[in-house]
Amino acid sequence: KYREFSINSILPIAYQGNNLFCSNWDVNQMEALDYNAIYESFYKMKYGKRFDGSRHPNGIPKKEFEELIMTYLPVEENQLQKWAVYDKETQTYAWTRLGCFNYSLNEFWESMPEVTDMSENEDGTITVTIDAVCERIGTDCYMTHKLTVKLAENGFYQYLGNEIMGDGLERMPHYIYRSTNE
């Protein structure tokens, strides 16, 4: 059960190139998520293939971007337009390939998520405890975080919040957003 959840819902996202699992957030505080970066992970989860950025050299069309993000996160169109990098004139969302200027290589980003516990909550949501295993520095727990999800009507898990436990946030490398409004 742990392995299946990890393979289908955690590993495709992991820690590299997005901040979904390396920041504290919940349904009431989602503005700091890097929606433009997480798009490609959600794309691969939904369609089973890598996102081809060359199909959208001038940005991802509004409808396509919003529908995919809202499949996995409980956000609304107006929130995405405010919090993500969105061009109102062209009705597109920015997408930037992960590279030298928007990524700093360090041991944490190479960590592998390992589900260590799952529990069903009274409201029907599931809380999953995950250890970031970092072989590069020889630790089976660089940090621990608790992820809350619910199974949506469409059969996909919707991510509802992430909480980094203990001093994990203090040891977390600085996150660099892939696309910016500047």
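The next point concerns the side chain of Ser23. If you trace the backbone, Ser23 turns up in the loop between helix H1 (2-10) and strand S1 (25-26). Among the polar contacts listed, one links the side chain of Ser23 to the backbone oxygen of Asn19, at a separation of 2.7 Å.

The next point concerns the pairing of strand S5 (residues 112-120). As defined by bridge partners, S5 adjoins strand S6 (residues 126-134) across eight bridges and the pair is classed as antiparallel. Looking across to S6, one finds that Ser119 is bridged to Thr127. The antiparallel pairing of S5 with S6 creates a hairpin that spans five residues between the two strands, and Gly124 there sits at a positive phi of about 90°.

To continue, consider the side chain of Asn18. Here Asn18 shows up in the loop between H1 and S1. Within the local environment of Asn18, its side chain forms a polar contact with the backbone oxygen of Ile13, the two atoms lying 3.2 Å apart. There is a polar contact of 3.0 Å between the side chain of Asn18 and the backbone nitrogen of Leu20.

This brings us to the pairing of strand S8 (residues 157-164). Counting buried positions over the eight residues of S8 gives six, a clear majority of the element. As paired strands, S1 and S8 are joined by two bridges and run antiparallel to one another. When the sheet's bridge partners are listed, Trp25 is paired in S8 with Asn162.

In this section: the nonpolar core. If you look at the biggest cluster of nonpolar residues, it comprises 46 residues, and the most contacted ones within it are Leu20, Tyr35, Phe42, Phe65, Ile69, Leu73 and Tyr159. Secondary-structure elements contributing two or more residues to this core are H1, helix H2 (35-47), helix H3 (62-72), S5, S6, strand S7 (139-151) and S8. The element that contributes the greatest number of residues to this core is H2, accounting for seven residues. In this structure Leu20 touches Ile13, Trp25, Leu33, Ile38, Phe42, Leu73, Tyr159 and Asn162, once residues within four positions along its chain are discounted.

We now examine the environment of Asn162. On the secondary structure map, Asn162 appears in strand S8. Residue Asn162 is classed as buried on the basis of its relative accessible area, which comes to 3%. Excluding residues that lie within four positions of it along the chain, Asn162 makes contacts with Leu20, Phe21, Cys22, Ser23, Asn24, Trp25, His145, Lys146 and Leu147. Looking at Asn162, its side chain comes within polar contact range of the main-chain oxygen of Ser23, at 2.9 Å.

Rules used throughout
- Residues numbered from 1 in each chain as written.
- Predicted model: local features only at pLDDT ≥ 70, side-chain atom pairs only at ≥ 80, totals over all residues.
- Heavy atoms only, no water.
- Helix = DSSP H or I, 4+ residues; strand = E, 2+ residues; numbered from the N terminus.
- Polar contact = N/O pair within 3.5 Å; in protein donor to acceptor, adjacent residues only side chain to side chain.
- Pairing = 2+ DSSP bridges.
- Buried < 20%, exposed > 50% of the residue type's maximum accessible area, 1.4 Å probe, protein only.
- Core = buried A, V, L, I, M, F, W, Y, C linked by side-chain atoms within 4.5 Å.
- Contact = heavy atoms within 4.5 Å.

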